[in-house]
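Residue-level structure breakdown
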Amino acid sequence: MTNSFRFPTRLSLAQTPTPLQPLDRISARYGGPRIWVKRDDLTGCSLSGNKIRKLEFVLAKALDEGCDTLITCGGLQSNHCRATALLGAQLGLRVCLLLRGESEQPPDGNYLLDQLAGAEIRTYPASVYQAKQQELLDGWARECRGQGRNPWVIPTGASDGHGAWGYVQASQELSEDYTRHNISPEYVISASGSGGTLAGLHLGHRLYCPTTQVLGMAVCDDAEYFRTKALADIESLCRLYSVSAPAGLGKPEVIDAYIGEGYAKAGREVFDTIRQLASTEGLVLDPVYTGKAFYGMLREIALGRFQGCRDIVFVHTGGVFGLFPYREFFNQQ
Ligand SMILES: Cc1ncc(COP(=O)(O)O)c(C=O)c1O
């Protein structure tokens, strides 16, 4: 084991560094700390969002292993699956997507882009997907091998010991942003869906900006799940790349009070937050991840959690294509 955090090889796929911008109108409205946004929604156009940073490392590894096919899974509107489908097309790889949901739904948002990118798609009802996800992934991988292909299976959200590098590297970028803007934020906050972004931010901030506390806003599972998952991803990264986590790493902070009715189910308050951000800052959030997390952050400001803080950073992790399938919810008053 060594302590040098020399980054492994990554593909250069994302448009980085992304900007760090203050949101002064919304900050003034809430009267708390100055809110900054890390614009990872700008990592690309169709390739927007946090997944690209993870996939830069995952796909470098997959190509290094000689893979010619990517297999991954997620919901019908998965941003991760859309990113994998488009990157696969860009790199000349076949992409197999195992999606949770009903295929009869009209192609929209990410699901439409998956199809345009030429991904092979299999959809399963939620109950089957939940019960048999690993079995189905393994089965498809076996099938590919039987056809002479060399598949690489990427877990949900590319959240594993390879993908976690994405937000370690983003943390290094953020530390340069903090220096350039002459700020020392007390918190950096992001939505947590499969935990890899949280894992990378937690490890990366300990390494590059240890005075900034990482805070995950859960959009599905509870806080303990994400604390444990983030540490598992970090342990996996350390094992796979023979590096040691810094002493006293601890667990990241996670809030699970804003999940609402569950994954991909947003309440009126989330749709109102999305409208508010779009109309006051020109910033577009989505109902599944960033809208929920941003709403949670605003509530926590109102409740006094960030009292005494000067600057907090919200990582905009993308997801705009997932907004459109929710169009009817914006018209309900
Ligand atoms: C737009 C968006 N934001 C945030 C997340 C959460 O990131 P993670 O899965 O790394 O927790 C995801 C994916 O799950 C996402 O698609």
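Treat the numbers as computed from the prediction; the structure is a model and nothing was measured. (Residues numbered from 1 in each chain as written. Predicted model: local features only at pLDDT ≥ 70, side-chain atom pairs only at ≥ 80, totals over all residues.)

Quick word on the overall build of the protein chain
The number of helices and strands found in the protein chain is 11 helices and 10 strands. Relative to the 2.2 N^0.38 estimate, which gives 20 Å for 333 residues, the radius of gyration of the protein chain is 19 Å and therefore close to what a compact globule would have. Its C-alpha atoms give the protein chain principal-axis dimensions of roughly 60 × 55 × 35 Å. Expressed as a percentage of the 333 residues in the protein chain, the buried residues total 50%. When contacts within the protein chain are restricted to residue pairs at least 6 apart in sequence, those whose partners lie at least 24 apart make up 79%. (Helix = DSSP H or I, 4+ residues; strand = E, 2+ residues; numbered from the N terminus. Rg over C-alpha atoms; globule rule 2.2 N^0.38 Å. Buried ≥ 20, exposed ≤ 12 C-beta atoms within 10 Å, placed from the backbone. Contact = placed C-beta atoms within 7 Å.)

Notes on the sheet that holds strand β5 (residues 120-124)
In space, the four strands of this open sheet follow the order β5-β4-β3-β6, with parallel pairing throughout. Two strands close off the open sheet at either side, each with one partner strand: β5 and β6 (151-153). Strand-to-strand twist across the sheet, computed as the mean angle between neighbouring axes with direction ignored, equals 20°. (Pairing = 2+ DSSP bridges. Axes fitted to C-alpha atoms, helices over the stretch in contact; angles between N-to-C directions.)

Description of helix α2 (residues 51-64)
The end-to-end C-alpha distance of α2 is 19 Å, a good match for the 20 Å that 14 residues give at a rise of 1.5 Å each. Counted residue by residue, α2 has 11 buried out of 14 residues, so it is predominantly covered. What α2 keeps buried is the set Lys 51, Ile 52, Arg 53, Lys 54, Leu 55, Glu 56, Phe 57, Val 58, Leu 59, Lys 61 and Ala 62. A positive backbone phi angle near 80° is found at Gly 66, which sits one or two residues after α2. (Expected span 1.5 Å × (residues − 1).)

Describing the nonpolar core
Of all hydrophobic cores here, the largest spans 86 residues; its most connected members are Ile 189 and Met 217. Here this core gathers at least three residues from each of two domains, domain 1 (20-49 + 160-331) and domain 2 (51-158). Excluding residues that lie within four positions of it along the chain, Ile 189 makes contacts with Leu 215, Met 217, Ala 293, Met 297, Ile 312, Val 313, Phe 314 and Val 315. (Core = buried A, V, L, I, M, F, W, Y, C linked by C-beta atoms within 7 Å. Domains from an automatic or database assignment.)

Some points on the site of the ligand
What surrounds the ligand is a group of 19 residues, the closest being Asn 79, Gly 193, Tyr 289, Thr 317 and Gly 319. Counting only elements with at least two residues in the shell around the ligand, the list comes to α3 (79-91), β7 (187-192) and α7 (196-208). Looking at the shell around the ligand residue by residue, the class counts come to three nonpolar, 16 polar and no charged. Domain assignment of the residues forming the shell around the ligand places at least three in each of domain 1 (20-49 + 160-331) and domain 2 (51-158). (Near = placed C-beta within 6 Å. Nonpolar A, V, L, I, M, F, W, Y, C, P; charged D, E, K, R; others polar.)

With respect to the domain arrangement of the protein chain
Domain assignment breaks the protein chain into domain 1 (20-49 + 160-331) and domain 2 (51-158). The straight-line distance from the C-alpha centre of domain 1 to that of domain 2 is 24 Å. Contact residues are listed per partner, giving 23 residues for domain 1 and 23 residues for domain 2. Here the element with the most residues in the side of domain 1 that touches domain 2 is helix α6 (residues 165-180); it accounts for five residues.

Considering the sheet that holds strand β2 (residues 34-39)
One open sheet accounts for six strands, arranged β1-β2-β10-β7-β8-β9; its pairing is mixed. Two strands lie at the open edges of the sheet, namely β1 (20-22) and β9 (253-255), each paired on one side alone. When the angles between neighbouring strand axes are averaged without regard to direction, this sheet yields 30°. Of the pairings in the sheet, the one linking β2 to strand β10 (residues 311-316) comprises six bridges and is parallel in character. Bridge pairing in β10 places Lys 38 opposite Val 315. The strands touched by α7 within the sheet are β7 and β8 (213-218), with β7 carrying the most contacts at an inclination of about 160°.

Notes on the pairing of β8
Among the six residues of β8, five are classified as buried, and the element is accordingly described as predominantly covered. Pairing of β7 with β8, which is carried by six bridges, proceeds in the parallel orientation. Paired with Ser 192 across the strands is Ala 218, a residue of β8. In this fold, β7 hands off to α7, which returns the chain to β8; that crossover is right-handed. Inspection of the sheet shows β8 paired to β9 by three bridges, in the parallel sense. Bridge pairing in β9 places Gly 216 opposite Val 254. (Right-handed = clockwise from strand over helix to strand, strands pointing away.)

Comments concerning the pairing of β10
Walk down a regular strand and you will see the side chains alternate between the two sheet faces. Counting buried positions along β10 gives six out of six residues, so the element sits mostly inside the fold. Along β10, one buried face is formed by Asp 311, Val 313 and Val 315 and the opposite face, lined by Ile 312, Phe 314 and His 316, is buried too. Summarising the sheet, β7 and β10 pair through three bridges and their orientation is parallel. Pairing of Val 188 across the sheet is with Val 313, part of β10.

Comments concerning the environment of Ser 159
Summarising the element assignment, Ser 159 is placed in the loop between β6 and α6. Exposure remark for Ser 159: the 29 C-beta atoms within 10 Å place this residue in the buried category. Note: C-alpha distance between Ser 159 and Gly 196 (37 residues apart in sequence) is 4.1 Å. Setting aside anything within four residues of it in sequence, one finds Ser 159 in contact with Ser 194, Gly 195, Gly 196, Ala 199 and Asp 233.

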